[in-house]
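Commentary on secondary and tertiary structure
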4 protein chains.
Amino acid sequence: MTKTRLEAFSDGVIAILITIMVLELRVPHGVDFAALTPLVPVFLTYVLSFVFLGIYWNNHHHMFHAVEHVSGGILWANLHLLFWLSLVPFVTGWMGENHFAPLPTAVYGVVLLCAAIAFTILAYTIVRHQGPNSKLAAAFGRDYKGKLSIVFYAIAIAAAFFNKWISDGLYVLVALMWLVPDRRIERRLNH
Amino acid sequence: MTKTRLEAFSDGVIAILITIMVLELRVPHGVDFAALTPLVPVFLTYVLSFVFLGIYWNNHHHMFHAVEHVSGGILWANLHLLFWLSLVPFVTGWMGENHFAPLPTAVYGVVLLCAAIAFTILAYTIVRHQGPNSKLAAAFGRDYKGKLSIVFYAIAIAAAFFNKWISDGLYVLVALMWLVPDRRIERRLNH
Amino acid sequence: MTKTRLEAFSDGVIAILITIMVLELRVPHGVDFAALTPLVPVFLTYVLSFVFLGIYWNNHHHMFHAVEHVSGGILWANLHLLFWLSLVPFVTGWMGENHFAPLPTAVYGVVLLCAAIAFTILAYTIVRHQGPNSKLAAAFGRDYKGKLSIVFYAIAIAAAFFNKWISDGLYVLVALMWLVPDRRIERRLNH
Amino acid sequence: MTKTRLEAFSDGVIAILITIMVLELRVPHGVDFAALTPLVPVFLTYVLSFVFLGIYWNNHHHMFHAVEHVSGGILWANLHLLFWLSLVPFVTGWMGENHFAPLPTAVYGVVLLCAAIAFTILAYTIVRHQGPNSKLAAAFGRDYKGKLSIVFYAIAIAAAFFNKWISDGLYVLVALMWLVPDRRIERRLNH
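A short tour of the structure in this document, coming up. Sequence order as written defines the numbering, with residues in each chain counted from 1. Chain letters start at A and ligand numbers start at 1, both assigned in the order the entries are written. Thresholds applied to this predicted model are a pLDDT of at least 70 for local features of residues and 80 or more for the giving and counting of side-chain atom pairs; totals over whole chains, interfaces and linings are not thresholded and use all residues. Heavy atoms from the whole structure form the basis of all side-chain values; hydrogens and water molecules are not counted.

Moving on, we get to the interface of chain D and chain C. The interface is formed by 38 residues belonging to chain D together with 29 residues belonging to chain C. Roughly 2900 Å² of surface becomes buried between chain D and chain C when both sides are summed, with 77% attributable to carbon and sulfur atoms. Any Lys or Arg side-chain nitrogen located within 4 Å of an Asp or Glu carboxyl oxygen qualifies as a salt bridge. Our count for the chain D to chain C interface comes out at two salt bridges. Between Glu-7 of chain D and Arg-5 of chain C there is a salt bridge, with its nearest N and O atoms 3.6 Å apart. For this analysis, a polar contact is any N or O atom pair within 3.5 Å, provided that within protein one partner can donate a hydrogen and the other can accept it, and provided that sequence-adjacent residues contribute only side-chain to side-chain pairs. Summed over the shared surface of chain D and chain C, the number is six residue pairs in polar contact (both at pLDDT 80 or more). Residue contacts are defined here by distance: any two heavy atoms, one from each residue, within 4.5 Å place the two residues in contact. In this description, buried area is defined as the sum, over both parts, of the accessible area (probe of 1.4 Å) that is lost when the two are combined.

The next thing to look at is the interface of chain A and chain B. On the chain B side, the residues contacting the 29 residues of chain A number 38 residues. Summed over both sides, the interface of chain A with chain B buries roughly 3000 Å², with 77% coming from carbon and sulfur. Run the count over chain A and chain B and you get two salt bridges. In this assembly, chain A and chain B are joined by six residue pairs in polar contact (both at pLDDT 80 or more). Helix and strand assignments come from DSSP, with helices taken as H or I runs of at least 4 residues and strands as E runs of at least 2, each series counted from the N terminus. Sorting the residues of the side of chain A that touches chain B by element identifies α1 (4–20), α4 (72–86), α5 (88–97) and α6 (102–130) of chain A as the ones contributing at least two each. The element contributing the most residues to the side of chain A that touches chain B is α1 of chain A, with nine residues. The classification used treats Ala, Val, Leu, Ile, Met, Phe, Trp, Tyr, Cys and Pro as nonpolar, Asp, Glu, Lys and Arg as charged, and all other residues, Gly among them, as polar. Among the residues forming the side of chain A that touches chain B, the class breakdown is 20 nonpolar, six polar and three charged.

Between side chains of opposite charge, pairing is possible as soon as their charged atoms come close. Per the stated rule, a full pass over the model turns up 16 salt bridges over all chains. Residue Asp-11 of chain C pairs with Arg-5 of chain B through a salt bridge whose shortest N-O separation is 2.6 Å. You can see Asp-11 of chain C sitting in helix α1 (residues 4–20) and its partner Arg-5 of chain B sitting in helix α1 (residues 4–20), one on each of two chains. Residue burial is assigned from relative accessible area. The probe radius is 1.4 Å, only protein chains are included, and a residue is buried under 20% of its type maximum, exposed over 50%, and partly exposed in between. Assessed through its relative accessible area of 3%, Asp-11 of chain C is described here as buried. Classification of Arg-5 of chain B as buried rests on a relative accessible area of 6%.

The next subject is the packing of α6 of chain A against helix α8 (residues 144–159) of chain A. Residues and elements named next belong to chain A. For helices, the fitted line uses only the C-alpha atoms of the stretch in contact; every axis is such a line through C-alpha atoms, and the angle between N-to-C directions lies from 0 to 180 degrees. For the pair α6 and α8, the least separation of the axes is 9 Å and the interaxial angle reads 160°. Here α6 is positioned roughly antiparallel relative to α8, judged by the angle of their axes. Viewed along their axes, α6 and α8 form a crossing whose handedness is left-handed. Every residue of α8 that contacts α6 at Ala-106, Gly-109, Val-110, Leu-112, Leu-113, Ala-116, Ile-117 and Thr-120 is listed here: Ile-150, Tyr-153 and Ile-157. Across the contact of α6 with α8, the residue classes tally to nine nonpolar, two polar and no charged. Angle categories: roughly parallel below 35 degrees, roughly antiparallel above 145, roughly perpendicular from 65 to 115, and oblique for all the rest. Crossing handedness is defined as follows: a turn of the near helix away from the far one that is anticlockwise and smaller than a right angle gives a left-handed crossing, while the clockwise case is right-handed.

Residues and elements named next belong to chain B. What a helix is expected to span follows from its residue count: subtract one and scale by 1.5 Å. End to end, helix α9 (residues 164–179) covers 23 Å across 16 residues, agreeing with the expected 22 Å (1.5 Å per residue, within 8%). Three or more residues of α9 are buried, namely Ser-167, Asp-168, Leu-170, Tyr-171, Val-174, Ala-175, Met-177 and Trp-178. For α9, the capping residue at the N-terminal end is Asn-163, with a side-chain oxygen 2.9 Å from the backbone nitrogen of Trp-165.

Here we come to helix α3 (residues 39–65) of chain C. Here α3 of chain C spans 38 Å end to end across 27 residues, near enough to the 39 Å set by a 1.5 Å rise per residue. α3 of chain C sits mainly inside the fold: 21 of its 27 residues count as buried.

Here the focus is the relation of the copies chain D and chain C. For the pair chain D and chain C, the best superposition has an RMSD of 0.0 Å and corresponds to a rotation of 90° with a translation of 0.0 Å parallel to the axis. Taken together, these values place the two copies in the relation of a four-fold axis. Relative to the rotation axis, the closest C-alpha in chain D is found at Gly-12 of chain D, a distance of 4.3 Å. In this assembly, only 3% of the residues forming the interface of chain D have copies in chain C that are likewise at the interface, indicating a heterologous arrangement. The copies were overlaid with a least-squares fit restricted to C-alpha atoms from residues scoring a pLDDT of at least 70 in each copy.

Listed below in structure tokens is the structure:
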């Protein structure tokens, strides 16, 4: 079974998610700067979520570049990842409209955490399908960055109830950490 | 005529449907757990419909994998299936927001039933186009799972007016039954 | 310049249009049959527009099947067609929610008329690019069906202010006329 | 790394943006011409933004036609462009619903300006990746049209606070300037 449709479907879902988030930026009624002010936190959350979805698309792109055939298990592990990503617009809107209140900030982290776990499950499903000696298995190695992200998300969820700036800072930190494309895979595949 | 555009178009429609359903999860105004409570049934219905659309995408993927050329009849049988799937977000929102009330629960089943019938029509249209000795015809065989789903949906529609838990249980049962990818097709094609 | 992206982009736009129309089917507040009644005209208009967009996708599919290279003119003629199609959800909602009132019914026809003209322009642009001896030029021939549709739309627009049933009947008639896939092109290309 | 998915993803995002803008054309409650009047400025802004997104899609299409391999930098420069384009529906709705008031008109220009800069960054990223002797580098040359657009946008932003017609006129002028497909690239690539 070829991977073309899986990639096309995932591209479609992520493209739609990244785009419908902007619908949460409701057109304001006023026409002065004051009308834009309440949109600032919504806009900042939008930027953060746009970057996260961009990172997922990027890493998905890199990971499937190393895949040739997909199994039923890979199809469902991929849908499982898309499910958690599909909740990103909802938690983005909730966190943004409530100026980063504790519970929305924590729930935002829960969705990111579940998406990170789903990505890890997808990676392991692919590696298991391709065998432990595959290029992808070597490329993932110990997956420090993936594990660190999961730890940071967990801390951010707990911190949301004490100091939301810690949580927001951690979300930004994880995003920056991943903005560098996954050179592990790129490097290995080019050898 | 090649199947590429039919697959791309179907992928696009299903990707959009699976994503706009999440728009029914309206961002709540409160910021505590109480604000999330009314969303629980909407969320559960969303999960169920996400799984159903995932199953349709999966089976569509498997079925067209065995197709080489498409006819005008196949194009329209496919659009007919997409029509019923396009009503899934509507019935999902209606059932979820009304806590699985009888009529919305029954109408949810009607849409699933029509989609299942449309999928069967599409399968027969393809088989007729490819001939009774094709791999796909052999793979479909007597199509026990498809026929059983249609029976379960019919029972669920009637049961909705007596005991909605029976209906909801049947919907979950059909979903679980299909979560296993259609090995009939996979197996035959690999021979 | 290849046609792949033009097809993919058009598929994307039509897939989104055919799907967001369903958002006009607002989830009703009631849970009985009475709650569904006001949705009936919206639903019927939705079915009609779904069929029209399906026809355009189908004919687009057939037409570009005969195209190998696209020019800047073809790109813009295609975007011009997509522009008129993009107004279909708007006029569908307006006509459906107002129970086929005269002006919305006429405006619905205006958008269909402009889309039909845009399709004709696109066809001529392609034929001019491919030369008068191309298969597509032969396949289009005198384009009776296209010209007849334009005449029917014009009559339907005028009739909307006298008797809306004539307009609605003509819209359904044009849809039925096109539901048969464009065998002219199919036949010629297979020789 | 191949460019297929980058193109497909960008096509998806632009197709969705060009389509969800039409959702700002809210279905009016009245059924006479008076009900359509307040939609006229929204409609005109929609047409303008549709043309701008069409131009970006067109130029994106032309530019990537000359690209074979994409780097991580190109992926992110492309996402950066898509980010600014994703704000087009928001500023379109704001400007249209407020009858081209000064601040919305200026902000519309800011988003177009940022998108133009992002396109330039993307072009330079690709040229740097392909080398200064590549066909694309020659095709871009001194990029008069790109630089002129940026100057026009900057003037339009400032002019919005004095005379909005100057701004609107400049937006239309830039659109017309680009409606001619980028023959520089087409011409060079055909040699």
